[in-house]
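So the chains spell out like this:
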Amino acid sequence: MAKIKDEYRTPLNNALEDGTPCLVGTVSADNHPEISPKGSVVVYDAESIAYWERSHRGAASNIQSNANVVIYYRNPAHAESLPQGAALRLYGTARAVDDDATKNAIYDMIPEREQKADSGRNGHAVIVKIDRVTNLRGDDV
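Residues numbered from 1 in each chain as written. Predicted model: local features only at pLDDT ≥ 70, side-chain atom pairs only at ≥ 80, totals over all residues. Heavy atoms only, no water.

Focus: the sheet that holds strand E1 (residues 22-27)
- Pairing is antiparallel across the open sheet formed by 7 strands, whose spatial order is E2-E1-E5-E6-E7-E4-E3. Strands at the two margins of the open sheet, each flanked by one partner only, are strand E2 (33-38) and strand E3 (42-45). Going across the sheet, the axis of each strand differs from the next one's by a mean of 35°, ignoring polarity.
- Looking at chain direction, strand E5 (residues 68-74) and strand E6 (residues 87-96) are connected through 7 bridges and run antiparallel. Following the sheet pairing, Val69 is matched in E6 by Gly92. (Pairing = 2+ DSSP bridges. Helix = DSSP H or I, 4+ residues; strand = E, 2+ residues; numbered from the N terminus. Axes fitted to C-alpha atoms, helices over the stretch in contact; angles between N-to-C directions.)

Focus: the packing of aromatic side chains
- The final tally for this structure, using the stated rule, is 1 aromatic pair.
- Here Trp52 and Tyr107 contribute two aromatic rings whose centre-to-centre distance is 5.0 Å and whose plane-to-plane angle is 70°, an arrangement assigned as edge-to-face. Taken together, the residues span a long stretch of sequence, with Trp52 in strand E4 (residues 48-53) and Tyr107 in helix H3 (residues 100-109) at a distance of 55 residues. Each of the two residues, Trp52 as well as Tyr107, counts as buried. (Phe/Tyr/Trp six-rings, centres within 6.5 Å; stacked < 30°, edge-to-face > 60°. Buried < 20%, exposed > 50% of the residue type's maximum accessible area, 1.4 Å probe, protein only.)

Considering the environment of Ala2
- Structurally, Ala2 can be placed in the segment before helix H1 (6-13).
- Taking the C-alpha atoms as reference, Ala2 lies 23 Å from Ala59; in sequence the two are 57 residues apart.
- In this structure, Ala2 is in contact with Ala46, Glu47, Ile130, Asp131, Arg132 and Val133, ignoring residues within four places of it in sequence. (Contact = heavy atoms within 4.5 Å.)

Focus on the nonpolar core
- If you look at the biggest cluster of nonpolar residues, it comprises 24 residues, and the most contacted ones within it are Ile4, Leu12, Ile49, Leu90, Val128 and Ile130.
- The greatest single-element share of this core, amounting to 4 residues, is contributed by strand E7 (residues 124-134).
- Setting aside residues no more than four positions away along its own chain, Ile49 makes contact with Ile4, Leu12, Val41, Val42, Val43, Tyr44, Ile71, Leu90, Val126, Ile127, Val128 and Ile130.
- Ala50, Trp52, Val97 and Ala125 belong to the second-largest nonpolar core, a separate cluster that totals 9 residues. (Core = buried A, V, L, I, M, F, W, Y, C linked by side-chain atoms within 4.5 Å.)

That's the geometry; what it means functionally is another story.
So, in C-alpha cells, the structure goes:
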C-alpha cells in the first residue's frame, strides 16, 4: 500500500469546493475505460480514498467486475503543495462499503454539496485502497 502524504489531504478533500473535482477512471467487464467526475472524493485514511457513489451508473457497475481504478486530481492553484504538474494520480483497488457505520462515516466526510445531492442517502460509499501515487510524469510521489 502507498501512503497518501499529509500535504495532499487538503487539496483532495477540497477539490469540489475549489472547482477541480477528482476524476475516477474505471474499466468495464468488456474492457472499455470510463472517466467519471466524483465531487465526493475525500481522503479516508493514510492509505485510502473514499467517495459517495450516487449515480448508480458506469463506475458503480465497473468496480463490481474490475476493482482497479485510478483517481486523477489536478489543480495549479496548489502547485506549491503538489508534485510536478500540480497533479496526482492515485491507483488502487475499489470496494463498495457493506457496513452501515462505515457508510455513514464516509457520507459525513463528503462535501455538503454532495450530501445535499443525495440527502436521502440512496447512494453507497466506496473505499479505494491506494497502491501507488504518481505525478504527471508517472514518478512515484
